[in-house]
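# Structural description and commentary
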Amino acid sequence: MKGGIAALASSTVTGAGAALAGESDFQQRLAGLAKRALEQNKARIPLHDRVGLADFSAPSWRPRFHLVDMVSGEVSSYLVAHGRGSDPGHTGRLQKFSNKIGSNATSAGVYRTGVEYTGKYGRSMRLDGLDPDNSNAFARAIVIHAAWYVGDDMLKKYGKLGRSEGCFAFCEDDRTEVVARLGEGRLLYAGKF
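What comes next is a walk through the structure.

## A look at the pattern of salt bridges
The tally for this structure, following the rule as stated, stands at nine salt bridges. In this structure, Arg181 and Glu177 form a salt bridge, with 3.4 Å as the shortest nitrogen-oxygen distance. With a gap of four residues between them, Arg181 and Glu177 both fall in helix α3 (residues 172-182), about one helical turn apart. Residue Glu177 is classed as partly exposed on the basis of its relative accessible area of 33%. One network of salt bridges, with partners in common, ties together Asp49, Arg50 and Arg186.

## Re the side chain of His145
Along the chain, His145 turns up in strand β6 (residues 143-146). Residue His145 is classed as buried on the basis of its relative accessible area of 3%.

## Structural notes on the side chain of Ser164
Locating Ser164 in the fold gives a position in the loop between α2 (152-158) and β7 (168-170). Classification of Ser164 by relative accessible area gives buried; the value is 1%. Within the local environment of Ser164, its side chain forms a polar contact with the backbone nitrogen of Gly166, the two atoms lying 3.0 Å apart. In this structure Ser164 touches Ala81, His82, Gly83, Arg84, Asn104, Tyr149 and Ala169, once residues within four positions along its chain are discounted.

## Focus: the pairing of strand β1 (residues 50-55)
Counting buried residues along β1, six of its six residues qualify, which places the element largely inside the surrounding structure. Here β1 shows two buried faces, one formed by Arg50, Gly52 and Ala54 and the other by Val51, Leu53 and Asp55. Sheet topology note: the β1/strand β2 (residues 65-69) ladder contains five bridges and is antiparallel. Note that in β2 the partner of Leu53 across the bridge is His66. Taken together, the five bridges between β1 and strand β8 (residues 187-191) define a ladder with parallel strand orientation. Looking at the pairing, Asp55 lines up with Gly191 of β8.

## A short note on the environment of Ala169
You can see Ala169 is positioned in strand β7. Using a relative accessible area of 0% as the deciding quantity, one classes Ala169 as buried. In contact with Ala169, other than residues within four places in its own chain, are Leu79, Val80, Ala81, His145, Ala147, Tyr149, Val150 and Ser164.

## Examining the packing of aromatic side chains
The tally for this structure, following the rule as stated, stands at six aromatic pairs. Aromatic pair Phe56 and Phe97: ring centres 6.4 Å apart, planes at 70°, arrangement edge-to-face. Here Phe56 is found in the loop between β1 and β2, whereas its partner Phe97 is found in the loop between β3 (75-78) and β4 (109-119), with 41 residues between them in sequence. For Phe56, a relative accessible area of 1% gives the class buried. For the ring pair Tyr189 and Phe193, a centre distance of 5.4 Å and an interplane angle of 25° mean the geometry is stacked.

## Some words on the sheet that holds β3
With mixed pairing, eight strands are arranged side by side in an open sheet as β3-β2-β1-β8-β4-β5-β6-β7. Two strands in the sheet have a free side with no partner beyond their single neighbour: β3 and β7. Averaged over all pairs of adjacent strands, the angle between strand axes in this sheet comes to 25°, irrespective of strand direction. Pairing geometry for β2 and β3, over four bridges, is antiparallel. Paired with His66 across the bridge in β3 is Ser77. Each of β1, β2, β3, β4, β5 (122-129), β6, β7 and β8 touches α3; the most contacted strand, β6, lies at about 145° to it.

What counts, and where the lines are drawn
- Residues numbered from 1 in each chain as written.
- Predicted model: local features only at pLDDT ≥ 70, side-chain atom pairs only at ≥ 80, totals over all residues.
- Heavy atoms only, no water.
- Salt bridge = Lys/Arg side-chain N within 4 Å of Asp/Glu carboxyl O.
- Helix = DSSP H or I, 4+ residues; strand = E, 2+ residues; numbered from the N terminus.
- Buried < 20%, exposed > 50% of the residue type's maximum accessible area, 1.4 Å probe, protein only.
- Polar contact = N/O pair within 3.5 Å; in protein donor to acceptor, adjacent residues only side chain to side chain.
- Contact = heavy atoms within 4.5 Å.
- Pairing = 2+ DSSP bridges.
- Phe/Tyr/Trp six-rings, centres within 6.5 Å; stacked < 30°, edge-to-face > 60°.
- Axes fitted to C-alpha atoms, helices over the stretch in contact; angles between N-to-C directions.

So far we have only geometry, and geometry alone does not tell us how the molecule works.
Rendered as structure tokens:
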């Protein structure tokens, strides 16, 4: 998926009206990307009411995981970590994607959300990779989970989030909301857009 979303916090706006217009434009762009992703994958994704979009063109200190409500158009954004294999120098910016087992990197592409389970990081959600770029997601145990290295405390202390082993890691409260709102059978798209 190629596309047209600029990094969310990099546009310059002046005044409250311009800020609202910029936010509205951003939400419309996300909704358009979500709609295109659903159209391209409708046979593989049973539920079309909500979509998760992980825009790894943004740095880890910005909210870059977006839940798009396809009915209301509402967008909720969250901090999310990327894999340490995607950012070996720990710059806070994803440098590369990988689907390779043992890479500890984030994989790009379309995922279908799977079942919830309780694991090492508590309440978590499995993901099925549906593209050649993320086909090893199940074998690599790429999931949604909570992690201590994601959240405002990390940003205050280090200016960036910690890194996962390729999973979509959130702070505990955000993980709970993301898992509950996505549920099983919805689309999650990860990339740089």
